[in-house]
Each structure stands twice: as C-alpha cells, then as structure tokens.
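# Descriptive analysis of the structure
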Amino acid sequence: SVRSGQLLDALAAHEGPVCALALDPRGGGGLASGSWDKTVRLWRVYRNELEETLEHNAEVLSVAYRRDGGQLVVACLDGSLRIWNSKTAKLLYTIDGARDLAKSDRFLAKRPKQEAPHFTCVTYSADGERVLAG
C-alpha cells in the first residue's frame with residue numbers, strides 16, 4: 001500500500017532473483033516478471049494467478065511488451081533476444097545478439113573473458129516495428 005507502506009501481496013514462483021518487470025499495456029493486471037532462474041512468468045496480478053512460464057536458455061535480464069501488448073521481448077545473459085507472442089506464449093523469433101555484439105567488442109567496456117556479450121535492457125520503438133536493445 002502506498003498509503004500505509006505495508007506489503008499487501010506477493011507473487012511467488014521464481015526460484016532465483018527477479019530482475020525485470022513489465023506491465024501489459026492492454027490492462028487487466030497483466031505482468032511479466034523475468035528472473036535469473038531462466039524464466040519469464042506471465043501473471044494476472046489482480047487474481048494473484050500465474051498464467052504462463054516461458055523457459056529460456058540463460059538468465060533473463062530485461063523484458064518489455066510491445067505497445068499493443070501482442071509481443072514480449074526478452075534479453076538474456078547469453079546475448080540472445082527472444083520475441084514471444086504474449087497471448088499464446090509461443091516463441092516467435094530468436095536473435096543471436098552475442099554474435100553481433102562480439103563484432104563490436106572494441107566499442108564496449110572491458111568485461112571478464114568468461115562473460116558473454118549481452119544486452120541489459122530492451123524496449124520496442126513507439127510504432128512497435130523495431131526492438132531496441134542496449
């Protein structure tokens with residue numbers, strides 16, 4: 001509660017830290033939560049209900065809905081971007097961003113050798129036609 005500062009409810013299902021949240025722009029209390037447990041969970045928060053679990057090959061770092069709510073883009077620690085149909089929970093596309101990031105390595109800050117290049121944030125363009133990642 002913003003008024004009292006008390007926790008009113010908690011959504012519990014992830015087995016690792018939650019590091020990304022996005023509200024479904026269609027309304028209705030839809031929420032996507034991304035975690036280091038390699039999953040994105042789709043919730044109906046007003047019903048305290050888990051609707052879907054989207055499995056990934058690496059830790060999830062960022063999630064974003066397209067403006068119409070029809071797609072969800074997910075950035076993972078392996079450098080990939082995965083685009084899901086948020087209504088059917090079907091994977092639509094996978095983009096191997098690590099390969100492209102490796103080519104531009106000279107422009108990136110130095111990182112430990114064992115760490116793959118990856119994006120830490122994603123969003124859609126205002127018209128929903130492009131995914132932006134950084």
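Up top is the structure these notes are about.
Numbering of residues starts from 1 in every chain and runs along the sequence as written. Residues qualify for local features only when their pLDDT is at least 70, as the model is predicted, and side-chain atom pairs are given and counted only at 80 or more; totals for whole chains, interfaces and linings, by contrast, use all residues. Side-chain measures were taken over the full set of non-hydrogen atoms in the model, leaving aside hydrogen atoms and water.

## Concerning the overall build of the protein chain
The number of helices and strands found in the protein chain is one helix and ten strands. Secondary structure elements follow DSSP: runs of H or I no shorter than four residues count as helices, runs of E no shorter than two count as strands, and numbering proceeds from the N terminus. The linear arrangement of helices and strands in the protein chain, starting from the amino end, is β-β-β-β-β-β-β-β-α-β-β. Expressed as a percentage of the 134 residues in the protein chain, the buried residues total 41%. Contacts in the protein chain between residues at least 24 apart in sequence constitute 33% of all its contacts with a sequence separation of at least 6. Categorising residues by exposure relies on relative accessible area from a 1.4 Å probe, with only protein chains included: less than 20% of the type maximum marks a residue as buried, more than 50% marks it as exposed, and the intermediate range marks it as partly exposed. We call two residues in contact when some of their heavy atoms are within 4.5 Å.

## Describing the pairing of strand β8 (residues 90-96)
Here the rule is simple: two strands pair whenever DSSP picks up at least two bridges between them. As paired strands, strand β7 (residues 80-85) and β8 are joined by six bridges and run antiparallel to one another. Bridge assignment links Arg82 to a residue of β8, and that residue is Thr94.

## Re the sheet that holds strand β4 (residues 49-55)
Spatial strand order, β1-β2-β3-β4: four strands in an open sheet with antiparallel pairing. Pairing within the sheet leaves two strands with one partner each, and these edge strands are β1 (18-23) and β4. On average, each strand axis in the sheet is tilted by 20 degrees relative to the strand beside it, whichever way the strands run. Across five bridges, the pairing between β1 and strand β2 (residues 30-35) is antiparallel. All axes here are fitted lines through C-alpha atoms, helices being fitted over the stretch that makes contact, and every angle between N-to-C directions spans 0 to 180 degrees.

## Comments concerning the sheet that holds strand β6 (residues 71-76)
The strands making up a sheet associate through backbone hydrogen bonding, with each pair oriented either parallel or antiparallel. Strand order in the open sheet made by the four strands is β5-β6-β7-β8, with antiparallel pairing throughout. Looking at which strands have only one partner, the edges of the open sheet turn out to be β5 (60-65) and β8. In this sheet, adjacent strand axes meet at a mean angle of 20 degrees when their direction is disregarded. Where β6 meets β7, five bridges bridge the pair, whose relative direction is antiparallel. The residue of β7 that forms the bridge with Ala75 is Leu81.

## A few points about the nonpolar core
As used in this record, nonpolar core signifies buried Ala, Val, Leu, Ile, Met, Phe, Trp, Tyr and Cys residues forming a set joined through side-chain atoms within 4.5 Å. Judged by nonpolar contacts, the single largest core of 15 residues is most densely connected at Ala32, Val40, Leu42, Leu54, Val63, Leu72 and Val74. Counting residues per element, the ones that place at least two in this core are β1, β3 (39-44), β5 and β6. Discounting residues that sit within four places of it in the chain, Leu42 has contacts with Leu31, Ala32, Glu49, Leu50, Glu51, Glu52, Leu54, Tyr65, Leu72 and Ser86. In terms of nonpolar packing, the next biggest core, distinct from the first, is built from eight residues, Ala64, Val73, Ala75 and Phe119 among them.

## Let's talk about the side chain of Ser80
Take Ser80: it is sitting in strand β7. Here a polar contact is recorded for every N or O atom pair within 3.5 Å, except that within protein the pair must consist of a potential hydrogen donor and a potential acceptor, and residues adjacent in sequence are included only if both atoms are side-chain atoms. A polar side-chain atom of Ser80 sits 2.6 Å from a polar atom in the side chain of Arg82. For Ser80, the contacting residues outside a window of four places in its chain are Val74, Ala75, Thr94, Ile95 and Gly97.

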